[in-house]
Amino acid sequence: MPRDELLNPPSSVNTVLLSNVLLRERRSLAGTWRAIVDPYDSGYISILGTRNDRGWFRDFSPRDQSDRVEYDFDKSLEIQVPGDWNTQHESLHFYEGTVWYRTKFDGVPATDADTKRHFIHFGAVNHTCRVFVDGEELATHVGGFGPFAVEVTGRVGPGEHTLIVQVNNRREPDRIPAMRTDWWNFGGITRSVDLVSTPKTFLRESWLTMNPEGMIVGGATVDGDASTEVTVELPALGAKATVTNGALSITAPDGLELWNPGKPVLHDVRWTCGEDVLEDEVGFRTVEVKGTQIFVNGQNVWLKGIALHGEGPSGGKRAHGPDDASTLLDWAQDLGANFVRLGHYQHDEHIVREADRRGLLAWCELPVYWGIAFGDSDVLANALAQTDELVVRDRSRASVIFWSVANETLPGDDRTSFLGALAARAKELDPTRLTTAALLTLPSNDPVVHVTDELGALIDVVAINQYLGWYYGNRQELPEVEFTTAFSKPIIFSELGAGAKAGHHGSEEEIWTEEFQAAVYKAQIAMIENQSECAGMSPWILKDFRTPLRVLPGIQDGYNRKGLFSEEGQPKLAADVLRAFYQTR
Ligand code: GCB
């Protein structure tokens, strides 16, 4: 193996993509783990530059007084899982590299060990990891935001077991995202870790949604005995379909109440595949584009949105779990939003399920962001794998209406064919939802901005990031600006905004004040109200978020200040401006 691959595994190996893990029998492995920081990867690579078979993943203890073992998990850092490492230890604030994580857990009872299958499921680990159980390397995963599982059947019987995860968040030019992001590169096991048990034959993936024609459609992938019949039922409505591995459809039963933004209706859904039974709550609605408008259940909707990062409501930490999701969506709803853009990568599953329960529409996004190596086929393979993780996890969620394949990428042949492949993959996995991408618009003095990026032809909805009144353009002239595209498709202003430090007041001409930010919002809203092709907006951003790009002392201090709320939830004046506008729509 060339040294490069030891440091930098090229792709995921031996991982499985499972959907609906939250509905399954599972045991959380969350808690206090031990961690060793390893900037030189000496726990894995020997001084000869080869894989060290006696690496730290063996978790050795000295055999006797004279034995030399140069690490000791038991005496190393304590670290909470899930959680990013950067906000847990001051010394890891800027750290990018390898950290070894270790926990010990009880195996499954003898009665389950051979009669069931067992997986360790990770909600997300940023960015690459290797997974070891009892000293043996089982799998590698590449991609910091997608879920994955590692099968451990036959390895986790009664007794204590050791799980070690080598996590590496070093930025690399051939990663997605790559070298530069305007967000913090939070490292670690950032979302849940569970020991999941399933029957021998089980539903590896199953999904149900409504297509634009109003049919209930979905699919099931059986793992184990593939001839096992799968039944999906809506028991309360007496609707049912039986399939083997593959696609399915059900005529919507009479009287099926649809899920609507602001008025969510979720139905009990039961999946049965032999002994495997899963109970979900699913909403049904149609979504489609006609001309330059977006329709949900045949009704034109204007997306009153707000963009979110996956950063929690306090402490500037990577968000995870239901509580973070609830608070962030409380703030979004406080603005009167009916739509959230979950940028710039896949978010925690809880937030999408919570959006379902609240009747919020959602945009889900791949981390294909500035500076991707579009010409590299390994990078494309990883982007496609990340697309699978994004779509497979959430394609039963009524809230989700968009799969966004990229944010602000520079036009070019390699770029367009790469992103076209991702949009096609999303459509293949889920033909019912809309594809989009946030396109970059560059400064211009022309009051008519004509968007011609050829990616627009390959997606359903053209999203435009523009910072008129902040990075460029004159705020006073903003209401005169007109956006048009070459595509006769709906336009969403997927980003706009301005920075302000919460509590910093002054005139509308004084940058970083709440008044300045509010004035930019007013001018932007006046501009957006004049756009005939605009189907909605998701200003940047709900709350201030950590980023190494924003260093201005006393103002930014490591935070992007475009939030409508501070990093601790203090609202700014622009929040009132947006709320007042949304009340009128
Ligand atoms: C953008 C990016 C976003 C940045 C934002 C900003 O265009 O899409 O990731 O954080 O601008 O604040 O400059």
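Residues numbered from 1 in each chain as written. Predicted model: local features only at pLDDT ≥ 70, side-chain atom pairs only at ≥ 80, totals over all residues. Heavy atoms only, no water.

**Student:** Sorry, what's going on with the overall build of the protein here?
**Tutor:** Secondary structure assignment for the protein yields eight helices and 34 strands. At 24 Å, the protein has a C-alpha radius of gyration in line with the 25 Å of a compact globule built from 585 residues. On the principal axes, the C-alpha backbone points of the protein span a range of 80 × 60 × 45 Å. Residue pairs at least 24 apart in sequence account for 73% of intrachain contacts in the protein once pairs closer than 6 positions are excluded. Of the accessible surface of the protein, which amounts to about 21,800 Å², a share of 48% is contributed by carbon and sulfur atoms. (Helix = DSSP H or I, 4+ residues; strand = E, 2+ residues; numbered from the N terminus. Rg over C-alpha atoms; globule rule 2.2 N^0.38 Å. Contact = heavy atoms within 4.5 Å. Areas by Shrake-Rupley, 256 points an atom, 1.4 Å probe, with all protein chains shown as cover.)

**Student:** Explain the environment of Thr111 here, please?
**Tutor:** Note on placement: Thr111 falls in helix H2 (residues 110–113). Sequence-wise, Thr111 and Asp576 are 465 residues apart; in three dimensions their C-alpha atoms are separated by 59 Å.

**Student:** Sorry, what's going on with the sheet that holds strand E17 (residues 246–251) here?
**Tutor:** Working definition: the strands of a sheet are paired by backbone hydrogen bonds and lie parallel or antiparallel to each other. Strand order across the open sheet formed by three strands is E13-E14-E17, with antiparallel pairing between neighbours. Whereas interior strands pair on both sides, the edge strands pair on one side only; in this sheet they are strand E13 (202–210) and E17. Between one strand axis and the next, the sheet turns by 20° as a mean value, whatever way the strands run. As judged from the six bridges shared by strand E14 (residues 215–223) and E17, these two strands associate in the antiparallel manner. Its bridge partner being in E17, Met215 is matched across the sheet by Thr251. (Pairing = 2+ DSSP bridges. Axes fitted to C-alpha atoms, helices over the stretch in contact; angles between N-to-C directions.)

**Student:** Where do I start with the environment of Asn338 in this structure?
**Tutor:** On the secondary structure map, Asn338 appears in the loop between helix H3 (321–334) and strand E24 (339–342). Distance in space between the C-alpha atoms of Asn338 and Ala421 is 30 Å, their sequence separation being 83 residues. Engagement of the side chain of Asn338 in a polar contact is seen with the backbone oxygen of Trp302, the distance being 3.1 Å. (Polar contact = N/O pair within 3.5 Å; in protein donor to acceptor, adjacent residues only side chain to side chain.)

**Student:** Sorry, what's going on with the sheet that holds strand E3 (residues 77–81) here?
**Tutor:** Reading across from one edge, E3-E2-E4-E10-E7-E8 is the order of the six strands in this open sheet, with antiparallel pairing throughout. Whereas interior strands pair on both sides, the edge strands pair on one side only; in this sheet they are E3 and strand E8 (136–142). Ignoring strand direction, the axes of neighbouring strands in this sheet form an average angle of 30°. Strand direction decides the pairing type here: strand E2 (residues 31–38) and E3, joined by five bridges, are antiparallel. By the bridge assignment, Thr32 is partnered in E3 with Gln80.

**Student:** Would you mind going over the domain arrangement of the protein with me for this structure?
**Tutor:** Interface size is often expressed as the accessible area that is lost when the parts come together. Per the domain assignment, the segments of the protein are domain 1 (3–199), domain 2 (215–285) and domain 3 (301–584). Its C-alpha centre places domain 2 at a distance of 32 Å from the equivalent point of domain 3. The interface is formed by 13 residues belonging to domain 2 together with 17 residues belonging to domain 3. With both sides pooled, the region where domain 2 packs onto domain 3 buries about 960 Å², and carbon together with sulfur makes up 57% of that total. It is Trp259, Pro261 and Arg285 that lose the most area in domain 2 upon contact with domain 3, and together they represent 48% of the buried surface on that side. Viewed at the interface, domain 3 and domain 2 are joined by two salt bridges. Between domain 2 and domain 3 we count seven residue pairs in polar contact (both at pLDDT 80 or more) in total. With three residues, strand E19 (residues 276–282) is the single largest residue contributor to the side of domain 2 that touches domain 3. Across the side of domain 2 that touches domain 3, the residue classes tally to seven nonpolar, three polar and three charged. (Domains from an automatic or database assignment. Buried area = accessible area lost by both parts, 1.4 Å probe. Salt bridge = Lys/Arg side-chain N within 4 Å of Asp/Glu carboxyl O. Nonpolar A, V, L, I, M, F, W, Y, C, P; charged D, E, K, R; others polar.)

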